[in-house]
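# Notes for the structure review
Here is how the chains run, residue by residue.
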Amino acid sequence: MYKPERPDQDTHRPDEGKDALVWGKNPVTELLRAGAGVDTLLLADGLDPRTASYFTALGREAGAVVKRVPAGKLQKMCGTPDHQGVAAWGARIQYAELEDLLALAEQKGEPPFLVLCDGVEDPHNLGAIIRSALLCGAHGVIIPRRGGVGVTGTVMKASAGAAARLPVARVANLAQAIRTLKERGVFVFCADLGGASPADTDLTGSIGLVMGSEGKGPAALTRKLCDGALTLDMAAADCGVDSYNVSVAAGILLYQIMQRRKGR
């Protein structure tokens, strides 16, 4: 399924076809358990013996080469001290197809529930959105091939490993993906100012939720193609902040959709 390549350059890039360096105990654990083609497991030489033994066993079970490295070198490789003494070279991300996400919903006997990211550029935001999508029962996340971040090591870390478990489809044309979903009976909302309150909206059935870029929100064409828009209420008025962070808004909306779908 995967073809690991020995990386010899910075892998904190959204480029498809490059290995990804994933770090942190939870993301690496999920990556190993998901069988996502881990090539090499890196453990800091100062890691406590119990934790080192646990990850060594987990890595060997996944077929990964286990190496001990100085903590300073691991920090330099990850570009952050927040590696918790554990990192892994994962094989290049294998993106799903849009049809795979719809097939998963059908397999589960559920109306499709999908999240579309229109130009989300911050890997921490994308990771947080994927994490919320998994926890709220979405069948997958759709991202554009251009105009947004791909699933990188930082995204994997921010998602707490959710990106190894939830299918992510990377499409050439997000507008066409929305048209396809609508043809398949999926009602597509976008999160945008001036929309309806989620409390007054039917959020059951087949739903696609579009989250726009951090600075501009959804693109004009995306907004036009969507069946409706959702806006979250804000208690603070005239405070100089006119919107929620995109990953926070996604978490709130996804949770509300999950609750409504449960009670449909």
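Right above here is the structure, for reference.
Basis of the calculations
- Residues numbered from 1 in each chain as written.
- Predicted model: local features only at pLDDT ≥ 70, side-chain atom pairs only at ≥ 80, totals over all residues.
- Heavy atoms only, no water.
- Helix = DSSP H or I, 4+ residues; strand = E, 2+ residues; numbered from the N terminus.
- Buried < 20%, exposed > 50% of the residue type's maximum accessible area, 1.4 Å probe, protein only.
- Areas by Shrake-Rupley, 256 points an atom, 1.4 Å probe, with all protein chains shown as cover.
- Pairing = 2+ DSSP bridges.
- Axes fitted to C-alpha atoms, helices over the stretch in contact; angles between N-to-C directions.
- Contact = heavy atoms within 4.5 Å.
- Core = buried A, V, L, I, M, F, W, Y, C linked by side-chain atoms within 4.5 Å.
- 1 Å grid on protein atoms, 1.4 Å probe; cavity = no way out; pocket = protein on both sides within 12 Å on 5 of 7 lines; lining within 4 Å.
- Points joined across faces, edges and corners; volume = space filled by probe spheres on them.
- Nonpolar A, V, L, I, M, F, W, Y, C, P; charged D, E, K, R; others polar.
- Expected span 1.5 Å × (residues − 1).
- Arc of directions from axis to C-beta.
- Patch = residues over 30% accessible without salt bridge, like charges linked within 9 Å, V, L, I, M, F, W, Y side chains within 5 Å.
- Salt bridge = Lys/Arg side-chain N within 4 Å of Asp/Glu carboxyl O.
- Parallel < 35°, antiparallel > 145°, perpendicular 65-115°, else oblique.
- Phe/Tyr/Trp six-rings, centres within 6.5 Å; stacked < 30°, edge-to-face > 60°.

Below, the discussion takes up the overall build of the protein. Broken down by element type, the protein carries 9 helices and 10 strands. The burial tally for the protein puts 51% of its 264 residues in the buried class. Looking at the protein as shown, the accessible area adds up to about 12700 Å², and 48% of this sits on carbon and sulfur atoms.

What follows deals with the sheet that holds strand β2 (residues 38–44). One open sheet holds the 4 strands; their spatial order is β1-β4-β2-β3, and the pairing between them is mixed. Single-partner strands in this sheet number two, and they are β1 (20–23) and β3 (65–69). Taking the axes of each pair of neighbouring strands and ignoring which way they run, one obtains an average angle of 25 degrees across the sheet. Helix α1 (residues 25–33) rests against β1, β2 and β4 (86–90) of the sheet, and its axis sits at about 40 degrees to β4.

Ranked by internal contacts, the top residues of the largest apolar core, which has 50 residues, are Leu41, Ile130, Val141 and Met211. In terms of residue count, helix α9 (residues 246–262) provides more of this core than any other element does, 7 residues in total. Not counting the four nearest positions on each side in its chain, Ile130 is found in contact with Val141, Val155, Ser159, Ala162, Ala163, Leu166 and Val168. Membership of the second largest hydrophobic core comes to 21 residues, among which are Ala96, Leu181, Val188 and Ala229.

By volume, the largest pocket is sized at about 390 Å³. In terms of lining, the largest pocket is formed by 23 residues, of which the most central are Ala191, Asp192, Leu193, Ser243 and Tyr244. Here the residues of the lining of the largest pocket sort into 11 nonpolar, 8 polar and 4 charged.

Between its first and last C-alpha, α9 extends 24 Å over 17 residues, near the 24 Å set by a 1.5 Å rise per residue. For α9, every residue scored as buried is listed here: Val246, Ser247, Ala249, Ala250, Leu253, Leu254, Ile257, Met258 and Arg261. Each buried residue of α9 lies within a common arc of 165 degrees when the element is viewed along its axis, so the set occupies one face. Tucked into the core, α9 has its buried residues touching β5 (113–118), α5 (123–135), β8 (187–196), β9 (207–212) and β10 (228–230).

Let's shift gears to the sheet that holds β5. Pairing is parallel across the open sheet formed by 6 strands, whose spatial order is β7-β6-β5-β9-β8-β10. The open sheet has two edge strands with one neighbour each: β7 (168–171) and β10. Here the strands of the sheet are splayed against their neighbours by 35 degrees on average, with no regard to which way each runs. Pairing geometry for β5 and strand β6 (residues 140–144), over 3 bridges, is parallel. Opposite Val115, over in β6, you have Val141 as the bridge partner. Where α5 meets the sheet, it contacts β5, β6 and β7, and its direction lies at approximately 175 degrees from that of β5.

Here the focus is a nonpolar patch on the surface. Judged by side-chain polarity, Leu193, Met234, Tyr244 and Val248 come together as a nonpolar surface patch covering roughly 340 Å² of accessible area. Along the chain, Met234 falls in the loop between β10 and α9.

Glancing now at the environment of Asp122. Along the chain, Asp122 turns up in the loop between β5 and α5. By relative accessible area, which is 30% here, Asp122 ends up partly exposed. Each C-alpha atom of the pair Asp122 and Val149 lies 6.8 Å from the other, and the pair is 27 residues apart in sequence. Here Asp122 is in contact with Val149 and Glu214, once residues within four sequence places are set aside.

The relative placement of two packed helices is expressed as an angle between their axes plus a distance between the axes. With their axes 9 Å apart at the nearest point, α5 and α9 run at an angle of 10 degrees to one another. Relative to α9, the element α5 lies roughly parallel. Where α5 approaches α9, its residues Asn125, Ala128, Ile129, Ser132, Ala133 and Leu135 are matched on the opposing element by Val246, Ser247, Ala250, Gly251, Leu254 and Met258. Counted by class, the contact of α5 with α9 contains 8 nonpolar, 4 polar and no charged residues.

So, about the packing of aromatic side chains. Under the defined criterion, the tally for this structure stands at 2 aromatic pairs. Geometrically, the ring pair formed by Tyr54 and Phe55 is edge-to-face, given 5.1 Å between the ring centres and 80 degrees between the ring planes. On the numbers, 4.9 Å between centres and 50 degrees between planes, the contact of Phe187 with Phe189 is tilted. Phe187 sits in the partly exposed class, given a relative accessible area of 38%.

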